[in-house]
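Each chain is listed here by its residues.
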Amino acid sequence: MNLLNLNAARVLSAAVLALGCSTAWAQAVQTVTLPLENAKLKPSKLAGYQIAMQKCGICHSADYISQQPPAMTATQWTAEVRKMEHAYAAPLSDSDVAQIGEYLAVTYGGAKPTLGPVVAAKPAPAAPGAPAAEVDVQAVLKANACLGCHAVSQKIVGPAYHDVAVKYKNDPQALAKLETSIKAGGSGKWGPVVMPPFGNLSPQELKALAGFVLKQ
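This is a predicted model, so every value here is computed, not measured.

A. Main features of the packing of helix H3 (residues 47-55) against helix H6 (residues 94-109). Running from amino to carboxyl end, H3 crosses H6 at an angle of 105 degrees, the nearest separation of the two axes being 7 Å. With respect to their mutual orientation, H3 and H6 come out roughly perpendicular. Packed against H3, whose contacting residues are Ala47, Gly48, Tyr49, Ile51, Ala52 and Lys55, the element H6 presents Asp96, Gln99, Ile100 and Tyr103 at the interface. Along the lines of polarity and charge, the residues of the contact of H3 with H6 split into 6 nonpolar, 2 polar and 2 charged.

B. A look at the side chain of Asp96. Secondary-structure assignment places Asp96 in helix H6. Residue class for Asp96 comes out buried when judged on its relative accessible area of 11%.

C. Fine view of the packing of aromatic side chains. Using the criterion set out here, one finds 3 aromatic pairs in the structure. Considering the side-chain rings of Tyr49 and Tyr103, the 5.6 Å spacing of their centres and the 45 degrees angle between planes classify their relative orientation as tilted. You can see Tyr49 sitting in helix H3 and its partner Tyr103 sitting in helix H6, a full 54 residues away along the chain. Residue Tyr49 shares its accessibility class with Tyr103, and that shared class is buried. Residues Tyr161 and Phe212 carry aromatic rings whose centres are separated by 5.9 Å and whose planes lie at 80 degrees to one another, so their mutual orientation is edge-to-face. With Tyr161 in helix H8 (residues 161-167) and Phe212 in helix H10 (residues 203-214), the pair connects residues that are 51 residues apart, well separated along the chain. Neither Tyr161 nor Phe212 differs from the other in exposure class; each is buried. By way of ring pairs, the aromatic residues Tyr49, Tyr103 and Tyr108 are connected into one cluster. Positioned over the ring face of Trp190 is Lys167, at 4.8 Å from the centre of the ring.

D. Looking closely at the environment of Glu85. Turning to its location among the elements, Glu85 is positioned in helix H5 (residues 74-87). Residue Glu85 is classed as buried on the basis of its relative accessible area, which comes to 15%. Considered as a pair, Glu85 and Asp96 are 11 residues apart in the sequence and their alpha carbons are 9.6 Å apart. Not counting chain neighbours up to four residues away, the residues in contact with Glu85 comprise Ala90, Leu92, Ser93, Asp94 and Val97.

E. Examining the nonpolar core more closely. Leu41, Trp77, Leu92, Ile100, Tyr103, Leu104 and Tyr108 are the most contacted members of the largest nonpolar core, which has 21 residues in total. Counting residues per element, the ones that place at least two in this core are H3, helix H4 (62-65), H5 and H6. Ranked by residue count, the leading element in this core is H6, at 7 residues. Those residues in contact with Ile100 that lie beyond four places of it in its chain are Gly48, Ile51, Ala52, Cys56, Val81 and Leu92. In terms of nonpolar packing, the next biggest core, distinct from the first, is built from 18 residues, Tyr168, Ala174, Ile182 and Ala208 among them.

F. Region of the structure containing H6. The end-to-end C-alpha distance of H6, which contains 16 residues, comes to 21 Å, matching closely the 22 Å that a straight helix rising 1.5 Å per residue would cover. The elements touched by buried residues of H6 are H3, H4 and H5. One or two steps after H6, the chain reaches Gly110, where phi turns positive at roughly 80 degrees.

What counts, and where the lines are drawn
Residues numbered from 1 in each chain as written. Predicted model: local features only at pLDDT ≥ 70, side-chain atom pairs only at ≥ 80, totals over all residues. Heavy atoms only, no water. Axes fitted to C-alpha atoms, helices over the stretch in contact; angles between N-to-C directions. Helix = DSSP H or I, 4+ residues; strand = E, 2+ residues; numbered from the N terminus. Parallel < 35°, antiparallel > 145°, perpendicular 65-115°, else oblique. Contact = heavy atoms within 4.5 Å. Nonpolar A, V, L, I, M, F, W, Y, C, P; charged D, E, K, R; others polar. Buried < 20%, exposed > 50% of the residue type's maximum accessible area, 1.4 Å probe, protein only. Phe/Tyr/Trp six-rings, centres within 6.5 Å; stacked < 30°, edge-to-face > 60°. Lys NZ or Arg CZ within 6 Å of the ring centre and 35° of its normal. Core = buried A, V, L, I, M, F, W, Y, C linked by side-chain atoms within 4.5 Å. Expected span 1.5 Å × (residues − 1).

And the structure:
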């Protein structure tokens, strides 16, 4: 790919997404040793930065972005990101594509932002005494592309959820530790592969995801 020059390992990861994590591909990915990722996306207040942190890092090294021609326009960046959505079935909405395209053009090419200031969406406060809304874990997993790297019973890029549950089986702080790990991301617990941070998730979503993993 011209935009980000995917390396072979991360192409396999994208292929897993595109093919719905078929067993054959998942087994193939298990044999790949990914290089340690040290590059970071340039910070920005644009919404596309957070989205790129969460979703682009699944298949791409951030270092490749800085190697692209600085004259690329927002239209060109957006077209390349849209290619990920359509050609590789990346879990991106049309809004994600536009926001990431703008972030890349502004941050790496000096373009002017056009989508307006970033206002973080906040959930509406619950009425006093109202029960907390139940989190749809499967929807959160899908929206954040978690299943591109994780499966319940087998390792893909990241560890199987079952293996994580076994590791923390007797840890009374397991739930809190997993919530922190999901929110902050990182590497080292399961090898050098970096898991992107998911700081966009609400405390309820973090707790629901951590609880889901620990039940596997």
